[in-house]
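Structural description and commentary
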Amino acid sequence: MLKPSLMRSPEGLIVLLAALLPLVVIAGLCWRTANLELERQLDAAADTAVADADRLIGDIVTGLHEREGLVGTDCTPATIEQLDHLTYESPLVRSAGLFDGKGQLYCTSRGAFRADISTAAGSTRRGGLVMRVGRAIVTNRTSLIVQLRRDDEAGIGAVADLALFDQLATPLSFEGAGAVSVVLGEATPLRTAGRPIESMAKHPFCVSRRSHKFDVAATVTVPRAMVWSLFRRELALFGAAGVMLSAMLAWLALRGIANRQSLTRGLRAALRRRQFEVHYHPVIDIQNDRCVGAEALIRWRHPDRGLIRPDLFIPVAEETGLIIPITRWLMNRVRDDFEGVDLPRDFHIAINLAPVQFKDRTIVDDIRAIFSGRNLSPAMLVLEATERFPIDDAGRKVIDALRTMGPGIALDDFGTGHSGLAYLQKFHGDYLKIDKTFVQTIGTDAVTRTVVDSIINLARELDMEIIAEGVETVTQLKYLRQRGVPYAQGFLFAQPLPFAEFENFRRTHPSPCAHHLKAEEAPREEVPA
Ligand SMILES: Nc1nc2c(ncn2[C@@H]2O[C@H](COP(=O)(O)O[C@H]3[C@@H](O)[C@H](n4cnc5c(=O)[nH]c(N)nc54)O[C@@H]3COP(=O)(O)O)[C@@H](O)[C@H]2O)c(=O)[nH]1
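Reading the values: rules and limits
Residues numbered from 1 in each chain as written. Predicted model: local features only at pLDDT ≥ 70, side-chain atom pairs only at ≥ 80, totals over all residues. Heavy atoms only, no water. UniProt positions renumbered as here; feature names shortened; annotations may be inferred. Buried < 20%, exposed > 50% of the residue type's maximum accessible area, 1.4 Å probe, protein only. Helix = DSSP H or I, 4+ residues; strand = E, 2+ residues; numbered from the N terminus. Disulfide = S-S within 2.5 Å. Near = heavy atom within 4 Å. Polar contact = N/O pair within 3.5 Å; in protein donor to acceptor, adjacent residues only side chain to side chain. Areas by Shrake-Rupley, 256 points an atom, 1.4 Å probe, with all protein chains shown as cover. 1 Å grid on protein atoms, 1.4 Å probe; cavity = no way out; pocket = protein on both sides within 12 Å on 5 of 7 lines; lining within 4 Å. Sits in = over half its atoms within 2 Å of the grid points. Nonpolar A, V, L, I, M, F, W, Y, C, P; charged D, E, K, R; others polar. Salt bridge = Lys/Arg side-chain N within 4 Å of Asp/Glu carboxyl O. Patch = residues over 30% accessible without salt bridge, like charges linked within 9 Å, V, L, I, M, F, W, Y side chains within 5 Å. Phe/Tyr/Trp six-rings, centres within 6.5 Å; stacked < 30°, edge-to-face > 60°. Lys NZ or Arg CZ within 6 Å of the ring centre and 35° of its normal. Points joined across faces, edges and corners; volume = space filled by probe spheres on them. Pairing = 2+ DSSP bridges. Axes fitted to C-alpha atoms, helices over the stretch in contact; angles between N-to-C directions.

The name given to the protein in an unreviewed UniProt entry is cyclic-guanylate-specific phosphodiesterase, with Aliidongia dinghuensis as the source organism. Entered under Subcellular location (unreviewed entry) in the UniProt record, the comment concerning the protein runs "Cell membrane". Turning to the protein, the UniProt annotation filed under Catalytic activity (unreviewed entry) states: "3',3'-c-di-GMP + H2O = 5'-phosphoguanylyl(3'->5')guanosine + H(+)".

1. Structural notes on helix H12 (residues 474-482)
Here H12 lies mainly inside the structure; 8 of its 9 residues are buried. Taken together, the buried positions of H12 are Val-474, Thr-475, Gln-476, Leu-477, Lys-478, Tyr-479, Leu-480 and Arg-481. Directly beyond the C-terminal end of H12, a positive phi value near 75 degrees is found at Gly-484.

2. Regarding the state of the cysteines
Taken as a whole and assessed by the stated rule, the structure comprises 1 disulfide. Through a disulfide, Cys-75 is tied to Cys-107; the S-S separation comes to 2.1 Å. Between Cys-75 and Cys-107 the sulfur-sulfur dihedral comes to about 70 degrees; the bridge is accordingly right-handed. One end of the pair, Cys-75, is in the loop between helix H1 (10-66) and helix H2 (77-89); the other, Cys-107, is in strand E2 (residues 104-108), and 32 residues separate them in sequence. For Cys-107, a relative accessible area of 0% gives the class buried.

3. A few points about the site of the ligand
Not every one of the 23 residues close to the ligand is listed here, only the nearest: Glu-295, Arg-299, Asp-413, Glu-469 and Glu-472. Between an oxygen atom of the ligand and a side-chain N or O atom of Glu-469, the distance comes to 2.4 Å. With the chains in place, 84% of the 830 Å² that the ligand exposes on its own is no longer accessible. In this structure, the ligand is accommodated by the largest pocket. In terms of residues, the shell around the ligand owes the most to one element, strand E13 (residues 290-302), which gives 4 residues. By residue class, the composition of the shell around the ligand is 9 nonpolar, 5 polar and 9 charged.

4. Description of the pattern of salt bridges
Under the criterion given, the structure shown has 29 salt bridges. We note a salt bridge from Arg-125 to Glu-153, for which the minimum N-O separation is 3.1 Å. With a gap of 28 residues between them, Arg-125 in strand E4 (residues 124-126) and Glu-153 in the loop between strand E6 (142-149) and strand E7 (155-161) connect regions that are remote in the sequence. The shortest N-O distance in the salt bridge between Arg-483 and Asp-453 comes to 3.0 Å. Residue Arg-483 is found in the loop between H12 and strand E20 (487-488), and its partner Asp-453 is found in helix H11 (residues 446-461); the two are separated by 30 residues along the sequence.

5. Section: a nonpolar patch on the surface
Taken together, the side chains of Leu-13, Leu-16, Leu-17, Leu-20, Leu-23, Val-24 and Val-243 present a nonpolar region at the surface, about 630 Å² in accessible area. A per-element tally of the nonpolar patch places H1 first, with 6 residues. Residue placement: Val-243 occurs in helix H4 (residues 225-272).

6. Concerning the packing of aromatic side chains
Two aromatic rings, taken as a pair, are described by how far apart their centres are and by the angle between their planes. Following the criterion strictly, the structure yields 14 aromatic pairs and no others. A centroid spacing of 6.1 Å and a plane angle of 50 degrees characterise the contact between Phe-276 and Trp-329, whose relative ring orientation is tilted. On the criterion of sequence distance, the pair formed by Phe-276 in strand E12 (residues 276-285) and Trp-329 in helix H6 (residues 323-338) is long-range, its members being 53 residues apart. Between Phe-338 and Phe-502, the aromatic rings sit 6.3 Å apart at their centres with planes inclined by 75 degrees, giving edge-to-face as the arrangement. Of this pair, Phe-338 sits in helix H6 while Phe-502 sits in helix H13 (residues 499-507), placing them 164 residues apart in sequence. Looking at Phe-502, the relative accessible area reads 0%, which means it is buried. Connected via pairs of aromatic rings, a cluster forms that spans Tyr-280, Phe-338, Phe-347, Phe-499 and Phe-502. Positioned over the ring face of Tyr-479 is Arg-483, at 3.7 Å from the centre of the ring. A cation sits over an aromatic face here: Arg-506 above Phe-347, 5.4 Å from the ring centre.

7. Considering the environment of Ser-95
Tracing the backbone through its elements, the reader meets Ser-95 in strand E1 (residues 93-99). Judged by its relative accessible area of 3%, Ser-95 falls in the buried class. Here the alpha-carbon distance between Ser-95 and Ser-109, two residues 14 residues apart in the chain, equals 5.7 Å.

8. As for the UniProt feature "transmembrane region" (unreviewed entry) in the protein
The residues that UniProt annotates with the feature "transmembrane region" (unreviewed entry) are residues 12-31 and 235-254. Within the segment residues 12-31, helix and strand shares are 100% and 0% respectively, and the terminal C-alpha atoms sit 28 Å apart. Its end C-alpha atoms 26 Å apart, residues 235-254 is made of 100% helix and 0% strand.

9. So, empty space enclosed by the protein
Applying the stated criterion to the full structure yields 1 cavity of 30 Å³ or more. Empty space within the largest cavity amounts to approximately 30 Å³. In terms of lining, the largest cavity is formed by Ile-324, Gln-357, Thr-362, Ile-363 and Asp-366. By residue class, the composition of the lining of the largest cavity is 2 nonpolar, 2 polar and 1 charged.

10. Considerations on the sheet that holds strand E10 (residues 205-210)
Taken together, 4 strands build an open sheet; the order of strands is E9-E8-E11-E10 and the sheet is antiparallel. Looking at the sheet topology across the chains shown, the edges are occupied by strand E9 (188-194) and E10. Each strand of the sheet is rotated relative to its neighbour by a mean of 15 degrees, with strand direction disregarded.

11. Considering the layout of surface pockets
Put simply, the largest pocket is a space of about 1,000 Å³. Lining the largest pocket are 38 residues, and of these Glu-295, Leu-297, Pro-310, Asn-352 and Lys-436 sit closest to its centre. For the lining of the largest pocket, the leading source of residues is E13, giving 5 residues. Among the residues forming the lining of the largest pocket, the class breakdown is 16 nonpolar, 9 polar and 13 charged. In this structure, the second largest pocket encloses a volume near 260 Å³. Breaking the lining of the second largest pocket down by element, the ones donating at least two residues are E1, E2, strand E5 (129-135), E6 and E7. It is E1 that contributes the most residues to the lining of the second largest pocket, 4 residues altogether. Partitioned by chemical class, the residues of the lining of the second largest pocket number 11 nonpolar, 6 polar and 3 charged.

Here it is as structure tokens:
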């Protein structure tokens, strides 16, 4: 059951975010798709308009090129007939004519005709190709006039009816809402269709295309509201998926929170009902095979789920602060286990501390209260901190206070986090534990083996004792022994053991039949160089 105050808590915020995230992502994707789709449609409309203009003007220019030889000739019936042919070949051309270098029209497809066309304004020119929109002298209609001029300015021209231009091209339109215009040069209209641009509010969408062949361009303009209608269409398609995803994520978040809450309640109950156990993982002096101590590891014996691994509940215990009473319980158990036991002077018990336990003096007070004057004194403890240990003022003060009572300080899991030499120098520890992920590469991977060597050298430079953890094979043991590593832990020696079994192991260790000693004679396992 979830607490009713959930929606006002940080957990409530997580559920809300889990629910909102897919909706925001889907809405964002729909908005982007709508914009891309609108751009695609505008591009396509502008491309079509330019391609139509290129095709129609190209037809006229080709016809004129084919008759360029007539320029400068007399206006004979044969010339007139050839000019007239232009009007049959190109459905756009209403008339064609020849003009001399002074801009005097002297021959047309309709016969000899003289007129001064030299003053016509608003032309665009690319090489010998001149185009303008104006009233044709012969037809007196608004036309596109296309001329091919030689170097001496004499040339041949054709008059194309703009109304026909419109009829022969693809109809200009943009889903009824926009405007399309094709212009000659910068702004002389050849064709326009659709709504007036001024009616499209302040910032309409606009796409322009310029022809590579002729001096014409097309512009498609639509009101900004157009993107909203496409957005609504996309939302209708994908919104349902977004809502389902949102519900699924919210449900997963709720389930995760419910699991966490039930784990927290379970941990509290476990403390009350004494469901925790301590297992001891032997620490071996590998130069003489003596058991010189152990790491105390917590276990949760759940009434229904059996023995639960600590990595399944320690993170929640750390987040909720329950790690403090759990460690307190563990330390009391460890003290009681070793009360009255005859322990060698160099015997040590390692206890794991969470980063949160270095934030205040609680752990200092707990250790003093639990171990002072006992068989297992504070000086016989090694306190293990991971690389997540905060080296700040508070952390430093806690470490200094702990040191005055005598425990050794170890840096656990070294090399698995982001800390490096600088961190290690600031840490001022007594022991450095080489993480099992590195130890287990011995005999397999040359690169990471070099990492093990580097960690060993680093610890020596900083005057720290080395404990290699996760030793599982004789090869690893021999390798570490050869490099002078003093201590090791691992399944090669023993699994973490309940107290009675650990005591039995300790008392019988070293034993003449210890399997890892016997394995020194094992023929097949080679120590890597
Ligand atoms: N803050 C606290 N953290 C604790 C406490 N008790 C345990 N832990 C942390 O939980 C993590 C998992 O621990 P555990 O499942 O007990 O595993 C330990 C060993 O069993 C395992 N190990 C040791 N040797 C080997 C080996 O040869 N092979 C192999 N596959 N595993 C091996 O390593 C764990 C000990 O790791 P470390 O602490 O880094 O030395 C673990 O992070 C515990 O620290 C607690 O009371 N408080």
